[in-house]
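Residue-level structural notes
What follows is the residue order along each chain.
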Amino acid sequence: MKADFKIERDKGVLLGEAAKESSELSPSWSSFVSTCRSCTACPLAESRNNVVVFRGSTKAPLLILGEGPGRDEDLQGYPFCGRSGRLLDAALRALEFKADDIHVANMVKCRPPGNRAPTPGELEACRPLLREQFKLLQPKIILLLGNTAFQNFTGIKSGITKARGSWLESDGILLLPSFHPAYILRDPRRKPELFADLLTVRQKLEELALIEPMRQPYNH
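Residues numbered from 1 in each chain as written. Predicted model: local features only at pLDDT ≥ 70, side-chain atom pairs only at ≥ 80, totals over all residues. Heavy atoms only, no water.

The buried fraction of strand β4 (residues 141-145) is high, at 5 of 5 residues. Judged by which residues are buried, β4 turns out to be covered on both faces: Ile141, Leu143 and Leu145 on one side and Ile142 and Leu144 on the other are all buried. Across 4 bridges, the pairing between strand β2 (residues 62-66) and β4 is parallel. Pairing of Leu63 across the sheet is with Ile142, part of β4. In the sheet, β4 pairs with strand β6 (residues 173-178) via 5 bridges, with the strands oriented parallel. Across the sheet, the residue bridging to Leu143 is Leu176, located in β6. (Buried < 20%, exposed > 50% of the residue type's maximum accessible area, 1.4 Å probe, protein only. Helix = DSSP H or I, 4+ residues; strand = E, 2+ residues; numbered from the N terminus. Pairing = 2+ DSSP bridges.)

A few words on the environment of Asn115. Position of Asn115 among the secondary structure elements: in the loop between β3 (102-106) and α5 (120-137). Exposure remark for Asn115: the relative accessible area of 42% places this residue in the partly exposed category. As for Asn115 and Pro69, which are separated by 46 residues in sequence, their C-alpha atoms are 7.6 Å apart. Within the structure, Asn115 has its side chain in polar contact with the side chain of Arg111 (distance 2.8 Å). (Polar contact = N/O pair within 3.5 Å; in protein donor to acceptor, adjacent residues only side chain to side chain.)

What follows covers the side chain of Ser84. Its place among the elements puts Ser84 in helix α4 (residues 83-94). For Ser84, a relative accessible area of 13% translates into the label buried. Non-local contacts of Ser84, meaning those with residues more than four positions away in its chain, are made with His180, Pro181, Ala182 and Leu185. (Contact = heavy atoms within 4.5 Å.)

This part covers helix α9 (residues 191-207). Look at α9: 24 Å from first C-alpha to last across 17 residues, which is about the 24 Å you get at 1.5 Å a residue. Where α9 is concerned, the buried positions are Lys191, Leu194, Phe195, Asp197, Leu198, Leu199, Val201, Arg202 and Leu205. (Expected span 1.5 Å × (residues − 1).)

So, on to the pairing of β3. Taken across its 5 residues, β3 has 5 buried, putting it largely inside the fold. The two faces of β3 match: Ile102, Val104 and Asn106 on one face and His103 and Ala105 on the other face are all buried. In this sheet, β3 lies alongside strand β1 (residues 55-56) in antiparallel orientation, the contact comprising 2 bridges. Counterpart to Gly56 in the pairing with β3 is His103. By the bridge criterion, 5 bridges tie β2 to β3 in an arrangement that is parallel. If you follow Gly66 over to β3, its bridge partner there is Asn106.

Moving on, we get to empty space enclosed by the protein. Under the definition given, this model contains 1 cavity of 30 Å³ or more. Surrounding the largest cavity, 15 residues form its lining, Cys39, Cys42, Arg48, Cys110 and Cys126 being those nearest its centre. Of all elements in the fold, only α2 (44-47) and α5 reach the threshold of two or more residues within the lining of the largest cavity. (1 Å grid on protein atoms, 1.4 Å probe; cavity = no way out; pocket = protein on both sides within 12 Å on 5 of 7 lines; lining within 4 Å. Points joined across faces, edges and corners; volume = space filled by probe spheres on them.)

On to the packing of aromatic side chains. Taken as a whole and assessed by the stated rule, the structure comprises 4 aromatic pairs. Pairing Trp29 with Phe54 gives two aromatic rings, centres 5.3 Å apart and planes at 55°, and the pair type is tilted. Placement of the pair is Trp29 in helix α1 (residues 27-37) and Phe54 in the loop between α2 and β1, with a sequence separation of 25 residues. By relative accessible area, Phe54 is classed as buried at 2%. Both rings, one in Phe179 and one in Tyr183, keep their centres 5.0 Å apart while their planes meet at 40°; by these two values the pair is tilted. (Phe/Tyr/Trp six-rings, centres within 6.5 Å; stacked < 30°, edge-to-face > 60°.)

Set out below in structure tokens:
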């Protein structure tokens, strides 16, 4: 198996896309989603089309955390559904991840104008919702995609290029920083590194008996 995954060109269902519907959620998760959708804690609420909460399973052992919604996410209402999301999905499928294995979210739930990085104030305003999301999900591993997610979640100021691929731990939760798929689209030479980090996560999940082993194990 090589890191030769490609973006899916069709508009098929992404991993965990269907699980975004409130009708499929437990009462506690439905209440949380409703709270998110009614949030006006920062000015991003004024320009959003949708509050982007998550896609995937509410019982997943793996939380994949990005920085914030982009244009496609804002229009469609769930995270990582544009080109970068389809690149991520292709890598996850190549490594045999299933929808039940993942919970995909962002540091902020509303799109910053022009797809800029969230400001410190916006990140702080969204932190209580993110904290509640962690409490409900109780992930065992968090994959931090990009500088914004890595630095603001950990408080570490080193760049993602230096940090990626090395395990951290916080309150008993394992953290692995990696490149954001949007960066991979800009510099495809980094694709093998993202793939390697996703493989590292999968191997750790298997080691902890949190997901089923791959049918076709990866051979270096």
